[in-house]
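# Architecture and fold: a report
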Number of protein chains: 2
Amino acid sequence: MQPKNIAIVGSGLAGSLLAIYLRKRNHKVTVFDRRPDIRQVKFSGRSINLAMSVRGWKALDTVGIGEEIRKLAIPMDKRTMHVNGQPIYHQYYGKEGEAIYSISRGVLNRKMISLAEESGAVFRFNEKVWDVNLPEAKIYTGETEKGEWKEYQYDLIFGCDGAFSRVRHKMQRRSRFDYSQDFLDAGYKELGIPANEDGTHKLDKNSLHIWPRGKFMLIALPNLDGSFTCTLFMPHEGENSFESLKSDEEVKKFWQKYFPDTIDLMPTLLNDFNNNPTSALVTMKCYPWSYWDKVVLVGDSAHAIVPFYGQGINAGFEDISVLDQIIEDHNGENWQEIFEEYQKVRKPSADAIAELSYRNFMEMSSKTADSNFLLRKKIEKRFSENHPDKWVPLYSRVTFTNRPYAEALAIGDQQAAIMDEVMKIDNIEEKWDSDEVEQKIIASLNMSNSLQF
Amino acid sequence: MQPKNIAIVGSGLAGSLLAIYLRKRNHKVTVFDRRPDIRQVKFSGRSINLAMSVRGWKALDTVGIGEEIRKLAIPMDKRTMHVNGQPIYHQYYGKEGEAIYSISRGVLNRKMISLAEESGAVFRFNEKVWDVNLPEAKIYTGETEKGEWKEYQYDLIFGCDGAFSRVRHKMQRRSRFDYSQDFLDAGYKELGIPANEDGTHKLDKNSLHIWPRGKFMLIALPNLDGSFTCTLFMPHEGENSFESLKSDEEVKKFWQKYFPDTIDLMPTLLNDFNNNPTSALVTMKCYPWSYWDKVVLVGDSAHAIVPFYGQGINAGFEDISVLDQIIEDHNGENWQEIFEEYQKVRKPSADAIAELSYRNFMEMSSKTADSNFLLRKKIEKRFSENHPDKWVPLYSRVTFTNRPYAEALAIGDQQAAIMDEVMKIDNIEEKWDSDEVEQKIIASLNMSNSLQF
């Protein structure tokens, strides 16, 4: 295997982890970013905390940095539901010992850049890539689009520059490049719950807190310093929308009505609401992801998804561990074959997690407060505990396994069809834990043999 | 109504017809095009003849130029099918007197530009628009992207610059702009059948000729000069693909096998095949189509479709006649409302004709040679003739009415469900024209009351 001279565009999470992987294989790595070094600037107030799970940890552990990163993370083993007029209740994510991990995006990104630098990658901050010559693997940087540009030539270019990727933008102008961007009607805004004076958390710190309210919801994820990063998801327009909350009075009234139990927790609510931007939520798909043996997309630049399954970072990191295995299988030679296999393997799973994430907005914002849904989950959970070989719940398959997302989606749809039938059983509320229900599920599973992946 | 200073980007068919419409309302109109004046250059050999039908003619007749354009058109009242080893047969498109009209895109475009000029529009050819300032309705033109630019300010800008629109490209960078481009696996190549020496046509001139071959097909549309413009639609890659036909020998062998009856008709086949480009087929969707009261997309720039329903030009022209009616309804005032109503009315129909056009590739290339499909069409036709008030075939609703495409798609899907059931009747081949079949269709129609639009 010959060491290559490689450019990575984007110093975000995918770019910095990829730099570490490529340095392990002894390539020369330069990372470009149009932004300043995130280690030297204040965070922007437009982030949602990450929920790292098995796929993400695997990618980190493979290059030996999992332990280091775990120090930045807080395990969340359950959803804690805050429904108005009801006591708080919990939904455990998996089996005992299984959890997803809350990490601040900014804190993680700073650490990852430092680790990548330690591994020998060179970072060029404040240097914006304006254009890419795909067949010659050249990139052009400069102060302005119309000003003087500097030209660099590399052997390979990796586009890790996110949902609005400049590298992909260049590929998009080619004929036969499939592309779509779809915005949700809902957007989001970052808010905060500060720590207690003694540095402890104001709410249970091992939970992802949800205030589900139908078409909108508030969530809160814990930080190491005792604070929570909260996110309000809400339609841009219409009744109960960002557009409808223009004055402090309107925000206060809205909060009093829908989130009264949080008012004491959020002393900076009005300040946060006015100062933090309202951001859009987009699903971006494209294909192909590579150009010859020269350029390839990794992470959000290839597949941006909405955040409702907590899988964005896990999907991006899994791109890298899968790609690395393919490089290994090809002895680091024939990059065209490597890139083609990578995109062929990853594309169906990227589409699957996009679909699952899109669907999960409904689940989080309304169904988690719905008694029918909760009963359904209870039946599934009971069956899964009695027959762990026969039934892995969809959420667990996505979050706590390394099986392909595409497989999880397919099996999940079959499970959903079975549960639709189960829920039609007369008096299901009363006999949900009966032998009859259990036997029905087993019979249905036996009929759908394709469940045996 | 106040006359506006308007820029149209693109001097193609939509741009030149829109110029005529806006001049009728006394606006000042300047049309920009990056290409030279098409009246002074040779055609490019990458066109598919147009099939003008009711929607297109309506838009032309409204501004009084239908008669002029009809002189350039040849009516085609049927498909003429060329199936290997079978006699030629016909499928009439509609009722007696109904036809679609073959027009050369280049010939029509030249005429439309002249008509627009006569109406008072100013054309600026060879002037490429590189950038658009959307909120200020400014456009920037110049020789190169990085060179000196000239700035123009207008009251309104209309983007009629086609599937790869620069105006839309600028809108696409906004947040919350939905966009998709999807390429077919198949592409196309223009070929030709010259006229006989006496100027007559070598095949029936009042037909759209189809040589359906499953995954690929050849079509031929007549021109006024006795020639036919032919198009080969075929996958880019795989067996029987453009990629697989690399040498003259391979083309000849392929032609001998699949289109032997055309060899004598196409003396310039090899020359055409080698010199004309292989073009891609794309479906492009986006939303919104407008920016404030400043900028709006019309025609292919808003909704590019594949050509298999012959509706691309009709959809683009219908945009203009619908928009004009909305301008009229608003007394030419409040352009933001005009643009918003236009996009709201047209978007569902643009999506519907995209879907119908996509589906029609399968119909044209394989089903037209399938006996089951032909029986189905025969049953539909008979019922429609006996009960014209109850059943307008989908093709006729799309092609010979001005009802919205979205309505045609919805009713067509209901009709298809009914015909699926009809085709399951035992021995349907024998009793296709029986009273039993007729009664079954009537009963099904009565059940699906939503057919009564």
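Residues numbered from 1 in each chain as written. Chains lettered and ligands numbered in written order. Predicted model: local features only at pLDDT ≥ 70, side-chain atom pairs only at ≥ 80, totals over all residues. Heavy atoms only, no water.

## Comments concerning the relation of the copies chain B and chain A
As a reminder, the rule being used: When the copies are superposed, the least-squares fit takes in the C-alpha atoms of residues with a pLDDT of at least 70 in both. The contact criterion used throughout is that any non-hydrogen atoms of two residues lie within 4.5 Å.
Structural alignment of chain B on chain A gives an RMSD of 0.0 Å, achieved by rotating through 180° and translating 0.0 Å along the axis. On the angle and the small slide along the axis, the relation comes out as a two-fold axis. Of every C-alpha in chain B, the one belonging to B:Ser180 sits nearest the axis of rotation, 1.9 Å from it. When the interface residues of chain B are mapped onto chain A, 100% of them again fall at the interface, so both copies present the same face.

## Here's the deal with the interface of chain B and chain A
Cut-off, in case you're wondering: Buried area is a sum: the accessible area each of two parts loses on coming together, probed at 1.4 Å, counted once for each and added. In what follows, salt bridge is the name for a side-chain nitrogen of Lys or Arg lying within 4 Å of a carboxyl oxygen of Asp or Glu. Identification of polar contacts relies on pairs of N or O atoms within 3.5 Å, with a donor-acceptor requirement for protein atoms, meaning one able to donate a hydrogen and the other able to accept it, and with residues adjacent in sequence counted only if both atoms are side-chain atoms.
Counting from both sides, the interface comprises 21 residues of chain B and, opposite them, 21 residues of chain A. Together, the buried faces of chain B and chain A total about 1,900 Å²; carbon and sulfur atoms form 35% of this surface. When residues of chain B are sorted by the area they lose upon contact with chain A, B:Lys146, B:Arg176 and B:Gln181 head the list and together hold 35% of the total. The interface formed by chain B and chain A holds two salt bridges in total. Counting every contact that joins chain B to chain A gives 13 residue pairs in polar contact (both at pLDDT 80 or more).

## Side note on the packing of aromatic side chains
Which entries qualify depends on this criterion: Pairing of aromatic rings covers Phe, Tyr and the six-membered ring of Trp, with a centre-to-centre limit of 6.5 Å; geometry is then stacked below 30 degrees between planes, edge-to-face above 60, and tilted otherwise. Numbered from the N terminus, helices here are DSSP runs of H or I no shorter than four residues, and strands are runs of E no shorter than two. Each residue gets one of three labels from its accessible area relative to the maximum for its type: buried under 20%, exposed over 50%, partly exposed in between, using a 1.4 Å probe on protein chains only.
According to the stated counting rule, one finds 53 aromatic pairs over all chains in the structure shown. Residues A:Phe216 and A:Phe254 carry aromatic rings whose centres are separated by 5.2 Å and whose planes lie at 45° to one another, so their mutual orientation is tilted. In this pair, A:Phe216 is assigned in the loop between β14 (207-212) and β15 (217-222) and A:Phe254 in helix α6 (residues 248-258), connecting sequence segments 38 residues apart. On the basis of relative accessible area, A:Phe216 is assigned to the buried category, the value being 2%. Under the relative-accessibility criterion, A:Phe254 is labelled buried at 6%. For the pair B:Trp255 and B:Phe259, a centre-to-centre distance of 4.9 Å together with 55° between the ring planes defines the contact as tilted. Grouped by ring-pair contacts, the aromatic residues A:Phe216, A:Phe242, A:Phe254, A:Trp255, A:Tyr258, A:Phe259 and A:Phe273 constitute a single cluster.

## Brief notes about a negative patch on the surface
Residue and element names in this part refer to chain A. How we decide: Patches here: salt-bridge-free residues with over 30% relative accessible area, like charges joined within 9 Å, nonpolar side chains (Val, Leu, Ile, Met, Phe, Trp, Tyr) joined within 5 Å. Per-residue and other accessible areas follow the Shrake-Rupley method at a 1.4 Å probe size, with only the shown protein chains counted as cover for residues. In this count, Lys and Arg are taken as positive residues and Asp and Glu as negative ones, while His and the chain termini are left out. Think of each charge as sitting on NZ of Lys, CZ of Arg, CG of Asp or CD of Glu.
A surface patch of negative charge is lined by Asp329, Glu337, Glu340 and Glu341. For the negative patch, the element with the highest residue contribution is helix α9 (residues 335-365), accounting for three residues. Along the chain, the position of glutamate 340 falls in helix α9. Glutamate 340 sits in the partly exposed class, given a relative accessible area of 38%.

## A few points about helix α8 (residues 312-329) of chain B
Residue and element names in this part refer to chain B. Basically, it comes down to this: An expected span of 1.5 Å times one less than the residue number is assigned to each helix.
The end-to-end C-alpha distance of α8, which contains 18 residues, comes to 26 Å, matching closely the 26 Å that a straight helix rising 1.5 Å per residue would cover. Across the 18 residues that make up α8, a large majority, 13, are buried. Just past α8, the residue asparagine 331 takes up positive phi, approximately 55°.

## A few points about the sheet that holds strand β9 (residues 128-133) of chain A
All names here are of chain A. Selection criterion: Whether two strands pair comes down to DSSP finding at least two bridges between them. What counts as an axis is a line fitted to C-alpha atoms, over the stretch in contact for a helix, and the angles between N-to-C directions run from 0 to 180 degrees.
The sheet built from three strands is open, its strands ordered β9-β10-β11 with antiparallel pairing. Edge positions in the sheet fall to β9 and β11 (149-153), since each of these pairs with one other strand and no more. The mean angle between the axes of side-by-side strands here comes to 30°, regardless of whether they run parallel or antiparallel. Judged from the five bridges that link them, strand β10 (residues 138-142) and β11 form a sheet pairing that is antiparallel. Paired with tyrosine 140 across the bridge in β11 is glutamate 151.

## A closer look at the environment of A:Arg173
Inspection of the secondary structure assignment puts A:Arg173 in the loop between α5 (166-172) and β13 (178-193). The partly exposed category is assigned to A:Arg173, whose relative accessible area is 47%.

## What to know about the pattern of salt bridges
All names here are of chain A. Following the criterion strictly, the structure yields 62 salt bridges over all chains and no others. Here lysine 138 and glutamate 136 are joined by a salt bridge, their closest N and O atoms 2.8 Å apart. Taking the relative accessible area as the measure of exposure, lysine 138 reaches 13% and is therefore buried. Three or more residues are tied together by salt bridges with common partners; here these are Arg55, Glu318, Asp319 and Arg346.

## With respect to the environment of B:Glu341
Residue and element names in this part refer to chain B. Of note, glutamate 341 is situated in helix α9 (residues 335-365). Under the relative-accessibility criterion, glutamate 341 is labelled partly exposed at 32%. For the pair glutamate 341 and isoleucine 326, spaced 15 residues apart in sequence, the C-alpha to C-alpha distance is 7.4 Å. Excluding anything up to four places from it in sequence, glutamate 341 contacts Ile326 and His330.

## Focus on the pairing of β15(A)
All names here are of chain A. Most of β15 is tucked away: six of the six residues are buried. Of the two faces of β15, the one lined by Met217, Ile219 and Leu221 and the one lined by Leu218, Ala220 and Pro222 are each fully buried. Where β14 and β15 come together, four bridges link them in antiparallel fashion. Residue tryptophan 211 lies in a different strand from β15, and its bridge partner there is leucine 218. Here β14 folds back onto β15 in antiparallel fashion, the turn holding four residues, of which glycine 214 has a positive phi close to 85°. As defined by bridge partners, β15 adjoins strand β16 (residues 228-235) across six bridges and the pair is classed as antiparallel. Looking at the pairing, leucine 218 lines up with leucine 232 of β16.

## As for the packing of α9(A) against helix α12 (residues 405-422) of chain A
Residue and element names in this part refer to chain A. Quick note on the threshold: Note that the term roughly parallel is reserved for angles under 35 degrees, roughly antiparallel for angles over 145, roughly perpendicular for angles of 65 to 115, and oblique for everything else. Handedness of a crossing follows from how the near helix is turned relative to the far one, being left-handed for an anticlockwise turn of less than a right angle and right-handed for a clockwise one.
One can describe the packing of α9 onto α12 by two numbers: an axis separation of 7 Å at closest approach and a directional angle of 50°. With respect to their mutual orientation, α9 and α12 come out oblique. α9 and α12 meet at a crossing whose hand is left-handed. Residue-level inspection shows Arg346, Pro348, Ser349, Ala352, Ile353, Glu355, Leu356 and Arg359 of α9 in contact with α12, the latter providing Tyr405, Ala406, Leu409 and Asp413.

## Structural notes on helix α2 (residues 54-62) of chain B
Side chains three or four residues apart in an α-helix point the same way, a direct result of the helix having 3.6 residues per turn. Within α2(B), the full set of buried residues consists of B:Arg55, B:Gly56, B:Trp57, B:Ala59 and B:Leu60. Of the residues flanking the end of α2(B), it is B:Gly64, one or two places downstream, whose phi is positive at about 75°.

## Considerations on the domain arrangement of chain A
How large an interface is tends to be reported as the accessible area lost when its parts come together. Residues and elements named next belong to chain A. Stated formally: As used throughout, domain bounds are those supplied by an automatic or database domain assignment. Residues are grouped as follows: Ala, Val, Leu, Ile, Met, Phe, Trp, Tyr, Cys and Pro are nonpolar; Asp, Glu, Lys and Arg are charged; every other residue, Gly included, is polar.
Partitioning chain A into domains gives domain 1 (5-43 + 105-181 + 281-361) and domain 2 (370-451). On a C-alpha basis, the centroid separation for the pair domain 1 and domain 2 is 37 Å. The interface is formed by 13 residues belonging to domain 1 together with 10 residues belonging to domain 2. Applying the counting criterion to the domain 1 and domain 2 interface returns five residue pairs in polar contact (both at pLDDT 80 or more). Among the secondary structure elements, those contributing two or more residues to the side of domain 1 that touches domain 2 are α8 (312-329) and α9. A per-element tally of the side of domain 1 that touches domain 2 places α9 first, with eight residues. Grouping the constituent residues of the side of domain 1 that touches domain 2 by class yields six nonpolar, three polar and four charged.

## Observations regarding the side chain of A:Ser290
Residue and element names in this part refer to chain A. Note that serine 290 resides in strand β18 (residues 290-291). Residue class for serine 290 comes out buried when judged on its relative accessible area of 6%. Among the polar contacts listed, one links the side chain of serine 290 to the side chain of glutamine 343, at a separation of 3.0 Å. Those residues in contact with serine 290 that sit more than four places away from it in its chain are Met171, Arg174, Val295, Val296, Phe339 and Gln343.

## Here we look at the packing of α12(A) against helix α14 (residues 435-447) of chain A
If you want to describe how two helices pack, look at the angle between their axes and the distance between the axes. All names here are of chain A. Running from N to C, α12 and α14 cross one another at 145°; their axes reach a closest spacing of 10 Å. Note on packing geometry: the crossing formed by α12 with α14 is right-handed. Contacts from Ile418, Glu421 and Val422 in α12 reach Val437, Lys440, Ile441, Ser444 and Leu445 in α14. When grouped by side-chain class, the residues that make up the contact of α12 with α14 number five nonpolar, one polar and two charged.

## Looking at the environment of B:Arg79
Its location among the elements puts B:Arg79 in strand β5 (residues 78-81). For B:Arg79, a relative accessible area of 6% translates into the label buried.

## Focus on the sheet that holds strand β3 (residues 50-52) of chain A
Strand pairing within a sheet occurs via backbone hydrogen bonds; the two strands may be parallel or antiparallel. Residue and element names in this part refer to chain A. Across the sheet, three strands lie side by side as β3-β7-β4; this open sheet has antiparallel pairing. What marks the edges here is a single partner per strand, and that holds for β3 and β4 (74-76). On average, each strand axis in the sheet is tilted by 40° relative to the strand beside it, whichever way the strands run. Bridge count for β4 against strand β7 (residues 100-103) is three bridges, and the pairing is antiparallel.

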